[in-house]
Structure formats: structure tokens, C-alpha cells
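# A look at the structure
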Amino acid sequence: MEEIKILGIESSCDETAAAVVVNGQRILSDIVNTQVPIHQQFGGVVPEIASRKHIENIAQVTSAALKAAGLSFTELDAIAVTNRPGLIGALLVGVSFAKALAYSLQKPLIAVNHLHGHIYANMLDHPEIEYPAVCLVVSGGHTSLLYMKDVTEYQLLGETIDDAAGEAFDKVARFMGLGYPGGPKVQKAAENGKAGALQLPRVYLNSGNYDFSFSGLKTATMNLWRKTEQTGTAHVADMALEFQTALVDVLVEKTLQAAAEYQVKTVLLAGGVAANTALRATMTERAKVRNIAVYFPSFHLCTDNAAMIAGVGYHHFLQGDFAGLDINAQSQAAF
Ligand code: KG4
Ligand code: ZN
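Residues numbered from 1 in each chain as written. Chains lettered and ligands numbered in written order. Predicted model: local features only at pLDDT ≥ 70, side-chain atom pairs only at ≥ 80, totals over all residues. Heavy atoms only, no water.

Let us look at the packing of helix H2 (residues 47-69) against helix H3 (residues 88-105). For any two helices packed against each other, one specifies the crossing angle of their axes together with the interaxial distance. Where H2 contacts H3, the axes come no closer than 9 Å and their chain directions differ by 30 degrees. Classified by chirality, the crossing of H3 by H2 is right-handed. Mapping the contact onto sequence places Ser51, His54, Ile55, Ile58, Ala59 and Thr62 in H2 and Gly89, Ala90, Val93, Gly94, Phe97 and Leu101 in H3. (Axes fitted to C-alpha atoms, helices over the stretch in contact; angles between N-to-C directions. Helix = DSSP H or I, 4+ residues; strand = E, 2+ residues; numbered from the N terminus. Left-handed = near helix turned anticlockwise from the far one by under 90°. Contact = heavy atoms within 4.5 Å.)

Taken together, His114 (NE2), His118 (NE2) and Asp304 (OD) make up the full set of protein donors to the zinc ion (ligand 2), lying 2.0 to 2.1 Å away. Owing to a relative accessible area of 13%, Asp304 belongs among the buried residues under this scheme. (Donors = N, O, S within 2.8 Å, 3.2 Å for Na, K, Ca; no water. Buried < 20%, exposed > 50% of the residue type's maximum accessible area, 1.4 Å probe, protein only.)

This part is about the environment of Asn209. Mapped onto the fold, Asn209 is located in the loop between helix H6 (182-190) and helix H7 (215-230). Asn209 sits in the partly exposed class, given a relative accessible area of 30%. Those residues in contact with Asn209 that sit more than four places away from it in its chain are Tyr204 and Lys254. Polar contacts involving the side chain of Asn209 include one to the side chain of Ser207, which spans 2.7 Å. (Polar contact = N/O pair within 3.5 Å; in protein donor to acceptor, adjacent residues only side chain to side chain.)

To continue, consider the site of ligand 1. The immediate surroundings of ligand 1 are formed by 19 residues, with Gly140, Asp170, Gln187, Gly272 and Asn276 found nearest. Between ligand 1 and Gly166 there is a distance of 3.1 Å, counted from an oxygen atom to a backbone nitrogen or oxygen. Here ligand 1, which alone exposes 560 Å², has 87% of that area covered by the protein. Put simply, the parts of the chain that give the shell around ligand 1 at least two residues each are helix H4 (114-125), helix H5 (165-175) and H6. If you tally residues by element for the shell around ligand 1, the top one is H6, at 4 residues. Residue classes in the shell around ligand 1 are distributed as 4 nonpolar, 13 polar and 2 charged. (Near = heavy atom within 4 Å. Areas by Shrake-Rupley, 256 points an atom, 1.4 Å probe, with all protein chains shown as cover. Nonpolar A, V, L, I, M, F, W, Y, C, P; charged D, E, K, R; others polar.)

Right, let's talk about the state of the cysteines for a bit. Taken as a whole and judged by the stated rule, the model has 0 disulfides. Of all cysteine sulfurs, the one in Cys302 lies closest to Cys13, which takes part in no disulfide; the gap is 16 Å. Exposure remark for Cys13: the relative accessible area of 24% places this residue in the partly exposed category. Here Cys302 is not disulfide-linked; the sulfur of Cys135 is the nearest cysteine sulfur, at 11 Å. (Disulfide = S-S within 2.5 Å.)

Quick look at the pattern of salt bridges now. Counted according to the given criterion, the structure contains 13 salt bridges. One salt bridge in this structure joins Asp163 and Lys171, with 3.6 Å as the shortest N-O distance. Residue class for Asp163 comes out buried when judged on its relative accessible area of 7%. With a relative accessible area of 32%, Lys171 lands in the partly exposed category. When the shortest N-O distance is used, the salt bridge between Asp249 and Arg286 registers 2.8 Å. Separated by 37 residues along the polypeptide, Asp249 in helix H8 (residues 236-261) and Arg286 in helix H9 (residues 277-288) bring together distant segments of the chain. (Salt bridge = Lys/Arg side-chain N within 4 Å of Asp/Glu carboxyl O.)

What follows covers the sheet that holds strand E6 (residues 133-138). Pairing within the open sheet is mixed, and its 5 strands lie in the order E8-E7-E6-E9-E10. Single-partner strands in this sheet number two, and they are strand E8 (154-159) and strand E10 (293-295). Recorded for the sheet is a direction-independent mean angle of 20 degrees between the axes of neighbouring strands. Across the sheet, H4 lies against E6, strand E7 (143-148), E8, strand E9 (266-270) and E10, angled at about 125 degrees from E9, the strand it touches most. (Pairing = 2+ DSSP bridges.)

Note that the residue after Tyr131, namely Pro132, is joined by a cis bond; omega there is 5 degrees. Residue Pro181 is reached from Tyr180 by a cis peptide bond, and omega for that bond is -10 degrees. Secondary-structure assignment places Pro181 in the loop between H5 and H6. Phi is positive for Asn23, close to 50 degrees, though the residue is something other than glycine. In this fold, Asn23 is placed in the loop between strand E2 (15-22) and strand E3 (26-34). Judged by its relative accessible area of 15%, Asn23 is buried.

Tracing the backbone through its elements, the reader meets Lys5 in strand E1 (residues 5-10). For the buried Lys5, which has no salt bridge, the nearest side chain bearing the opposite charge is Asp77, at an N-O separation of 4.5 Å. Those residues in contact with Lys5 that sit more than four places away from it in its chain are Val21, Val22, Leu71, Glu75, Leu76, Asp77 and Ala78. (Lys, Arg positive; Asp, Glu negative; His and termini not counted.)

Before going further, it helps to examine the packing of aromatic side chains. In this structure the tally under the stated criterion is 4 aromatic pairs. Between Tyr147 and Tyr262, the ring centres sit 5.4 Å apart and the planes meet at 35 degrees, which makes this aromatic pair tilted. With Tyr147 in strand E7 and Tyr262 in the loop between H8 and E9, the pair connects residues that are 115 residues apart, well separated along the chain. For Tyr147, a relative accessible area of 18% translates into the label buried. Directly above the ring of Phe212 sits Lys254, whose terminal nitrogen or CZ lies 5.6 Å from the centroid. (Phe/Tyr/Trp six-rings, centres within 6.5 Å; stacked < 30°, edge-to-face > 60°. Lys NZ or Arg CZ within 6 Å of the ring centre and 35° of its normal.)

Laid out in C-alpha cells, this is it:
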């Protein structure tokens, strides 16, 4: 079988990443340079700083990916790059760099949607996945439920009407003084919480559609946190646990409702929040009794990386779906 080697480049937020993947499956290298320690000092991603760090690091990260793959640039078949959605200045760094490479090497350029990348991370870890499936994409910027006919064909069933799940984790962590990024901090704090010690609403659980809303949960969490602070009963672990459980309950129930309605036997989790252990465990447990298989990527592939971009790039390659050297970055994009 012919081997198609694709270089993936990712710079949509605060990770500069490059990877080489063969035939959309075999990862030869996967380099991620994270800026988290830099942005941590500011309590969140500072877009201007992110762009500047990407431009400093992108050439080294790419060289490292080629070196780890044991390949020279001329051996690549195509360059795939995230061009949407994300921070515009950050995206432009990856897009310009990928264009320059494609231009100088005379290799095809492929534009990849970052959200498709997150979904594809599942395929890298679990090539045995059977479709159709329902996929829950939960990241810092998105919360969407999709019906997936196969690995490249999707239909949007619902999405958040306000905050994304990761955004809610980040905001709650910030006002509770837990730091950035919020998801892992809340998860850690929740480990010592007492279940049922506090009560928060399961917002939008019975909305009658597959949309989500987390702004109300965030406000309810903030109000309850202030109230307990005033009465001297504030308890970080209990609060973190109830917030996480309330959010996970809604994500899991809606996903499984969709799986039942669309009669699928496979559920996929994707995006940074899919790294959450409570979400993984609750989804797996509640799906099992309904005879539904749940897949999620390994921790590393849940968060931003370029292997998932190279993976999606392979399918564009097979379809002859190449980008011109005039492609732009887009801050907003759906599926
Ligand atoms: O997918 P990602 O790396 O970047 C975006 O495309 O947004 O997702 C980042 C988000 C952040 O909001 C972060 O707090 C959240 O994923 N996250 C988590 C966990 N790890 C990362 N949320 C909950 N639990 C985690 N363990
Ligand atoms: Zn992402």
C-alpha cells in the first residue's frame, strides 16, 4: 500500500504543534510546544502573546517533527494546517508558515478545520470505531453534538447557545481562585469533594432539543460560591465537585438521548474537556447499560495537537481537496 506522509501544523490557540502521520493513522512524530506556563501568569490566553510565541517557535517545532519522524521535507506528500476556527493572529502564523513550506517545496497545501481534528483524534487511537456514531465535541470554544455518518460526514444536532463547556470550567476556576487552565484544576479540586454536599441546577437538561447552555450554571455556581463565602461555609472541593457533576450530567444525558433517537451504538468524545475523568467515567458507565460503546482519545490527543490535523488532512488528500496559496485564516467556523 502506498504511504502518504502528511505534515500537520497547528497554531490555533496556545500550543504550537507539528506532526507527521502516515495514511491518516500511523503517527511518526507528534511535537507540542505549550505556552500554558506563559499565559498562566495572566489567568487566561493573551492572544497577542500567543501569536508572538507561535512565530518564535514554529520553525523549531516543525524541524523537530521532521527529525523525530526521520524524514526530510522532500519526502512529505502534503502540508496540512489548521486554518479555522481559533485566535486569528495565532492561526495566521501556522497558515503563513504552511503556505511558505508548500510553496517552496511545491507540495499540496490542505486546510483543516480544528474541530474536525478533535473528532479525528479518536480515529488515531481507535481505528476500529464503527459508524454511524454520535460525537460530543467539548472544548474551550465549542460544545456541539454531531451525528456522524462516517469519519468525514457530519450533521450538527445541537450546540451551546452561550458558554462552551471548557469556558465554563475556566471561568468557574478563575472566580474560585484555582488558576488556569480551569478544567484540570476543577477536576483535581473535585477529587476531595463530598457528593451531594451542595446542589446546582442541571441547566437545559430538558430543553427538548440537543442544545446546551452553561452560562446559567456558571452564574448559579458563582452565586452559591459568594453565598457560602459570606456565611463562612465556602468549600472549594464540594463546590468543584457539584459544578463538575452538574455539567457532566447534562453532557452525558443529552448525548445518550441523541444516541437513542438516532439508534447508534457508538459514542465519541472529543476536545479538551474530553480529558475530564468524570465525563469519561460517567459516559462509559451510563452507556454500558444501554449497550453503547464509548470512545475517547488518549489524554495527549484530547487537547490541541497536530497529529489530529495531519489525520484529517489525509482524508482531504484522498478526496483531492487542496487549498490554494490564497487561503486565509478564519476565527469563526462551524462544522
Ligand atoms: O481542545 P482544547 O485543548 O482547546 C480548544 O480548542 O479550546 O480545550 C481546552 C479546554 C479548556 O477550557 C480546558 O480547561 C479544558 O479544555 N480542559 C478540561 C480538562 N483538560 C482540559 N476540562 C475539564 N477537565 C479536564 N481534565
Ligand atoms: Zn482545540
